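Residue-level listing of the chains:
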Amino acid sequence: GRSALEGKLALAAHYISQKGRRNLTGQGTSVLTYTDPFVSVDGSFSIDSSRWGVMLYVDNITDYNKLRDGSPFNTPEWDYRVRPRTVGVQLTTRF
């Protein structure tokens, strides 16, 4: 017999709030700066049967690409960038 196909559409949004960082100046004072808040959006579309599945996914749909402060100690060496827009296909089989 024929197996029925099932489709799925998924979207996820992740909010990252602004973060303050105190930077020391050469005069022994400090300046408080903030990172920008942003929303990262991921999505996928998949089709499945009882024997196989295929999924198309996109991470970081908006391609947000700014430097983020990842340091708990306010050191620039720990800063990072959000992974750029990533598109992929995932294939599965059941046996």
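Up top is the structure.
Residues numbered from 1 in each chain as written. Predicted model: local features only at pLDDT ≥ 70, side-chain atom pairs only at ≥ 80, totals over all residues. Heavy atoms only, no water.

> Explain the overall build of the chain here, please?
Along the backbone of the chain there are zero helices and eight strands. Tracing the chain from N to C terminus, the helices and strands come up as β-β-β-β-β-β-β-β. Counting all 95 residues of the chain, 19% fall into the buried class. Long-range pairs, those at least 24 residues apart, make up 54% of the contacts in the chain with a sequence separation of at least 6. For the chain, the exposed surface amounts to about 7,200 Å²; the carbon and sulfur share of it is 58%. (Helix = DSSP H or I, 4+ residues; strand = E, 2+ residues; numbered from the N terminus. Buried < 20%, exposed > 50% of the residue type's maximum accessible area, 1.4 Å probe, protein only. Contact = heavy atoms within 4.5 Å. Areas by Shrake-Rupley, 256 points an atom, 1.4 Å probe, with all protein chains shown as cover.)

> Is there a simple way to think about the environment of Tyr15 in this case?
In this fold, Tyr15 is placed in strand 1 (residues 6–16). Taking the C-alpha atoms as reference, Tyr15 lies 8.9 Å from Val41; in sequence the two are 26 residues apart. Contact partners of Tyr15, with chain neighbours within four places excluded, come to Pro37, Phe38 and Val39.

> Explain the side chain of Ser44 here, please?
Relative to the elements of secondary structure, Ser44 occurs in strand 4 (residues 38–48). A residue is classified by how much of its surface remains accessible, and Ser44, at 17% relative accessible area, is buried.

> Would you mind going over the sheet that holds strand 8 (residues 86–93) with me for this structure?
Through backbone hydrogen bonds, the strands of a sheet pair up, either in parallel or in antiparallel fashion. Ordered by their spatial adjacency, four strands build an open sheet running 1-4-5-8, and the pairing between neighbours is antiparallel. Of all the strands in the sheet, just strand 1 and strand 8 have a single pairing partner and so form its edges. Taken pair by pair, the neighbouring strands of this sheet meet at an average axis angle of 15°, ignoring direction. Direction of pairing for strand 1 relative to strand 4: antiparallel, over a ladder of 11 bridges. Across the sheet, the residue bridging to His14 is Ser40, located in strand 4. (Pairing = 2+ DSSP bridges. Axes fitted to C-alpha atoms, helices over the stretch in contact; angles between N-to-C directions.)

> What's the story with the pattern of salt bridges in this structure? I'm lost.
Any two side chains of opposite charge can pair if their charged atoms end up close together. Counting across every chain of the model gives two salt bridges. Across the salt bridge formed by Arg94 and Asp48, the nearest N and O atoms sit 3.4 Å from each other. Note that Arg94 is positioned in the segment after strand 8 and Asp48 in strand 4, a separation of 46 residues in sequence. Of the residues examined, Arg94 reaches a relative accessible area of 36% and is grouped as partly exposed. Overall, the relative accessible area of 17% leaves Asp48 in the buried class. As a salt-bridge pair, Asp59 and Arg83 come within 2.6 Å of each other at their nearest N and O atoms. With Asp59 in strand 5 (residues 52–59) and Arg83 in the loop between strand 7 (80–81) and strand 8, the pair connects residues that are 24 residues apart, well separated along the chain. (Salt bridge = Lys/Arg side-chain N within 4 Å of Asp/Glu carboxyl O.)

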